[in-house]
Amino acid sequence: MHSGITENKASELLKRYGFNELPSAKSKSVGRIAFEVIKEPMFILLISCGSVYLLLGDYLEGISLLCSVSVIIFISFYQHRKTENSLAALRQLSSPRALVIRNGTEKRIAGREVVPEDIIVLHEGDRVPADAILLECNHLSLDESLLTGESVPVIKSEESENKIYSGTLVVQGKGIAKVTSTGTNTQFGIIGTSLQSIEQDSTRLQREMKTLIRNLFIGGAVISIGVIAAFYFTRGNFLNSLLTGLSAAMAILPEEFPVVLTVFLALGAWRLSKNKVLTRKPSAIETLGSATVLCSDKTGTITQNKMEMAALYCNGKTYSKQDFKSYEKNISYLIKLLFNASSNKSIDPMEKAIVSEHEKQQIPMEKFQLLKEYPLSKELFAMTRVLKSEKDKTIHIYCKGAPEVVFKLCRLSATDTDIYTKAVQEMAGKAYSVLAAAQSDWQNQELPEKQSDIHFRFAGLVAFEDPIRPEVPKAIKECNEAGIKVIMITGDYPATARCIAKQIGLQNDDNVLTGDELKSMSADDLQKKIKHTHVFARIVPEQKLQLIQALKANGEIVAMTGDGVNDAPALKAADIGVAMGMKGTDVAREASSLVLLDDNFASIVHAIHSGRRIFDNLQKAMSYILAIHIPIIGLVLLPAMFSWLPILLTPLHIVFMELIIDPVCSIAFESEQEEESIMNRPPRKPDELFFGWRKILFSFLKGLMLLVMVLTIYFLSIKEGHSENEVRAIAFSSLIIGNVFLILTSLSDTRNFFSVILEKNIAVLLISVIAFAILLLTISIPLLQDIFSFDFPGYKHFISSFIGSLILLLSLESIKIVRKMF
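Heads up: these notes are all about the structure in this document. (Residues numbered from 1 in each chain as written. Predicted model: local features only at pLDDT ≥ 70, side-chain atom pairs only at ≥ 80, totals over all residues. Heavy atoms only, no water.)

Concerning the pattern of salt bridges
Tallied over the full model, the rule gives 21 salt bridges. The salt bridge partner of Glu670 is Arg271, with a shortest N-O separation of 2.8 Å. Of this pair, Glu670 sits in helix H24 (residues 651-671) while Arg271 sits in helix H9 (residues 256-274), placing them 399 residues apart in sequence. What makes Glu670 buried here is its relative accessible area of 1%. Residue classification places Arg271 among the partly exposed positions, given a relative accessible area of 30%. (Salt bridge = Lys/Arg side-chain N within 4 Å of Asp/Glu carboxyl O. Helix = DSSP H or I, 4+ residues; strand = E, 2+ residues; numbered from the N terminus. Buried < 20%, exposed > 50% of the residue type's maximum accessible area, 1.4 Å probe, protein only.)

A short note on the sheet that holds strand S18 (residues 512-514)
Spatially, eight strands are ordered S8-S22-S21-S20-S9-S17-S19-S18 in an open sheet, and the strand pairing comes out mixed. Two strands bound the open sheet, and with one partner strand each, they are strand S8 (277-279) and S18. The sheet shows a mean angle of 20° between the axes of neighbouring strands, taken without regard to direction. Alignment of strand S20 (residues 558-562) against strand S21 (residues 576-580), held across four bridges, turns out to be parallel. Pairing of Thr561 across the sheet is with Val578, part of S21. (Pairing = 2+ DSSP bridges. Axes fitted to C-alpha atoms, helices over the stretch in contact; angles between N-to-C directions.)

Some thoughts on the environment of Ser623
Counting through the fold element by element, Ser623 comes out in helix H23 (residues 601-641). On the accessibility criterion, Ser623 (14% relative accessible area) is buried. Separated by 80 residues in the primary sequence, Ser623 and Gly703 have C-alpha atoms spaced 9.6 Å apart. Setting aside chain neighbours within four positions, we find Ser623 in contact with Ser699 and Lys702. (Contact = heavy atoms within 4.5 Å.)

Topic: the pairing of strand S13 (residues 382-389)
Of all eight residues in S13, seven are buried, a share of seventy percent or more. Relative to S13, strand S12 (residues 368-374) runs antiparallel, the two sharing six bridges. The residue of S13 that forms the bridge with Phe368 is Ser389. Across seven bridges, the pairing between S13 and strand S14 (residues 395-401) is antiparallel. Following the sheet pairing, Met383 is matched in S14 by Lys400.

As for the packing of helix H26 (residues 724-746) against helix H30 (residues 799-821)
The contact between H26 and H30 brings their axes to 8 Å, and the two run at 25°. Between H26 and H30, the interaxial angle falls into the category roughly parallel. Of the two elements, H26 crosses H30, and the hand of that crossing is right-handed. In contact with Ile730, Ser733, Ser734, Ile737, Gly738, Phe741, Leu742 and Thr745 of H26, H30 contributes Ser800, Ser801, Phe802, Ser805, Leu806, Leu808, Leu809, Leu812, Glu813 and Lys816. Of the residues that constitute the contact of H26 with H30, the class distribution is nine nonpolar, seven polar and two charged. (Parallel < 35°, antiparallel > 145°, perpendicular 65-115°, else oblique. Left-handed = near helix turned anticlockwise from the far one by under 90°. Nonpolar A, V, L, I, M, F, W, Y, C, P; charged D, E, K, R; others polar.)

Some remarks on the packing of helix H25 (residues 693-719) against H30
The relative placement of two packed helices is expressed as an angle between their axes plus a distance between the axes. Between H25 and H30, the least distance of the axes is 9 Å, while the angle of their chain directions is 160°. Between H25 and H30, the angle falls in the class roughly antiparallel. Of the two possible hands of crossing, H25 and H30 adopt the one that is right-handed. Between H25 and H30, the contacting residues are Phe698, Lys702, Met705, Leu706, Met709 and Ile713 on the first element and Ser800, Ser801, Gly804, Ser805, Leu808, Ser811, Leu812, Ile815 and Arg819 on the second. Per-class residue counts for the contact of H25 with H30 are eight nonpolar, five polar and two charged.

Structure follows, in structure tokens:
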């Protein structure tokens, strides 16, 4: 009899070793989340810009910018907090309770309160709360798939295989064990702690954005000095030149970049959450869109991590599960026998599969009384149940177990054994787990002590499989079409891995690399071999990390999916870690960038689709920002350099432009639908810059075309003899109309502007209508004319603004058609 430790001793040990928790299980505080959101350089830049505007006396733009910063901070904070709360809820659901013996009595406590030296009692269905050594057990089997990746239960005993691990599940039997390690000292904890030594790289876009912002600061300083010098030498008055130059330079700087990036990622995270994908690191959304390799664990990710009856062999014929309905009469006897040989309340995956199939076939149930059960043991891998019929009081014995054991129990001839062994081998070749079934009728009153004393009749074979998730083949096909290489990593045997690979349509599935082969490979050899290998078998956790590092060394953008503790280091080392939310462990979830709340493999493909759409729209938004700032720069600098030209843009005009630019980039471009065939093109090259010179030059070209159009209208208006305020009104109108048309043509690289309008991007239509309405009011209402320094020249003089903008639109649409052709 085990008395366990005392409560006082438990309290002392709890103080010494701490709570039985993983280091990653602690939720971030409100203050810490707020600090992580605000410390981003992009937010610091925005707050700095707003502060400078206020210091310069430009209160309208300064307050507007700081207000927009506050909104973005709130959105990011809310999303971050929502993510943390979701993870906390998942942890609460998965937190086990523990039955311990203290002061000689059994009591149930929270798993976090278990301490070393505690005596824990385990029953079928319990989650092991800590690492322990078995003291005694009765036919104990554990599911260790979350730790090892193997879905087949492991039989434990006091003599050998006596170590049990935190987080594993009791699928059969019961036991008593003494806790040896808790918290960070368990196998779960050791892997969780090792994650701290793995450094995560910042995303490519984050690095590019920081470089761009730095260059923009330098460029802004140069522009500011140029504007100050130009105004001073052409107009005099150094103080006014200084204030005007700084105001103009701050307006010219595209401070929308950090706002747009943050809004895109925040809204992207919100959209993904609607599709059961929790975003822990919003920047990973952008990276996922450019992923070149998707590494997936087999158990629980590609497969369902449960057993299903795949085939039956009886009367010399094999029936696959597709034939069960057609040959119901032929197989009902064997299914009924297997059902009687199983406990219908068992959590053993194979017995659950038998019960499920029995219910599916709607086989009538007889009423039996259980007289005796011979459980599975390491000595005899078979279990037998003795049942007494309540109807006719006859005694029937049903047995199932390893085929070679059942063959011996049935005392088969060598010929029959060979026939049935061949059938077993055929099933095993398809990666099935196979059991044999047998039956006996008992006439005597006393039952033998051993199963081997019973004379059985062979009844047939049953094959089980861990079925693939039904959505996986389609998802992998989409990945192949999108140019994403899918790699399956498993701890199973090569034959099993090869069979699963064929079922899901994995390319080059015959080429399987094993963990043993991996051990003897150098890093260079692995980098070469991994380019042509899609399936890795008999892989241990450390090797998963090795594979991720080899792929990254080849310049790949790697996404890694998984749910077990063994996946956590690789999840963190990957560019994008994707964890399973329902079956995943805390360590795996918190090491990941994304969490699939429904464990649906197809959600990964949806996330990739969303990532590509976000990336495309982000590029278009940034391209538009660069383009629209070209005419702003030109229209500010030209009057500074040529004193005879009237000043066209004042800070107020620029603020009006910003009121259009900011919401268009943040909302309209983000909500634009994806390009045609977005998943039928390869990912962007890992070394391809987000702001490559070709994109910058094309943006510059679009902006230059808009500038030329506005200047043409500008000089035509001067030539027509209009006053300075009339010239400003006509030219500014052409800038606003041209800007709206630039937006319409920039929203899609493949569809024309008619299609964009018909697709009803509400944000664009709304912003365009508001812009035109406000423009109409500013040129027609006297009070607003005075504020904007406009004079009304008559509506007919704005026809040139519209025609010029229309010519710009048609020119850009023609360029789009030509680029699409080549």
